[in-house]
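Commentary on secondary and tertiary structure
One-letter residues, chain by chain:
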Amino acid sequence: QVQLVESGGGLVQAGGSLRLSCAASGSIFSIGSMGWYRQAPGKPRDLVAVITSDGSTNYADPVKGRFTISRDNAKNTVYLQMNSLKSEDAAVYYCNVVILFEDYWGQGTQVTVSS
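Residues numbered from 1 in each chain as written. Predicted model: local features only at pLDDT ≥ 70, side-chain atom pairs only at ≥ 80, totals over all residues. Heavy atoms only, no water.

Attention shifts here to the overall build of the protein. Across its full length, the protein carries zero helices and eleven strands. When the helices and strands of the protein are listed from N to C terminus, the series reads β-β-β-β-β-β-β-β-β-β-β. For 115 residues, the compact-globule formula gives about 13 Å, and the C-alpha radius of gyration of the protein, at 14 Å, lands near that figure. Along the longest, intermediate and shortest principal axes, the C-alpha atoms of the protein span 45 × 25 × 25 Å. The buried share among the 115 residues of the protein stands at 39%. Contacts spanning at least 24 positions in sequence make up 52% of the contacts within the protein whose residues lie at least 6 apart. When the accessible surface of the protein is totalled, it reaches about 6,200 Å², and 48% of it is carbon and sulfur. Separation between the mean location of the 9 positive side-chain charges and that of the 9 negative ones in the protein comes to 6 Å. (Helix = DSSP H or I, 4+ residues; strand = E, 2+ residues; numbered from the N terminus. Rg over C-alpha atoms; globule rule 2.2 N^0.38 Å. Buried < 20%, exposed > 50% of the residue type's maximum accessible area, 1.4 Å probe, protein only. Contact = heavy atoms within 4.5 Å. Areas by Shrake-Rupley, 256 points an atom, 1.4 Å probe, with all protein chains shown as cover. Lys, Arg positive; Asp, Glu negative; His and termini not counted. Charge placed at Lys NZ, Arg CZ, Asp CG, Glu CD.)

Within a beta sheet, neighbouring strands are joined by backbone hydrogen bonds and run either parallel or antiparallel to one another. Reading across the sheet, the four strands line up as E1-E3-E8-E7 and stay open at both edges, with antiparallel pairing between neighbours. At either end of the open sheet lies a strand with only one pairing partner, and these are strand E1 (2–7) and strand E7 (67–72). The average angle at which neighbouring strand axes cross in this sheet is 15°, direction not considered. Looking at chain direction, E7 and strand E8 (residues 77–82) are connected through six bridges and run antiparallel. Looking across to E8, one finds that Phe67 is bridged to Met82. (Pairing = 2+ DSSP bridges. Axes fitted to C-alpha atoms, helices over the stretch in contact; angles between N-to-C directions.)

This is a description of form; function is not addressed.
Laid out in structure tokens, this is it:
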């Protein structure tokens, strides 16, 4: 039906940058909100950033000023630009897309920050 494919994760030094991408494909009629979540070992999955269909954005406090979420509607893709990465940013990052009131999740991509 709908598949979300994530890319861009990897290993980066503290203070470095990464850009995550998530592309949706399949039976897509209209995409609503798109977002990024992350989950560290032993912790719940937390919201990182969300962007609505109108382009309005919201960020979790720990990433404000460092992360930027954006979307390309023509490509059905959402991005997360992560700058000034810290060790506490290390986690598995998941993208989330709402299509006709249903939630779809990416497979997750690992972000590792070395110090």
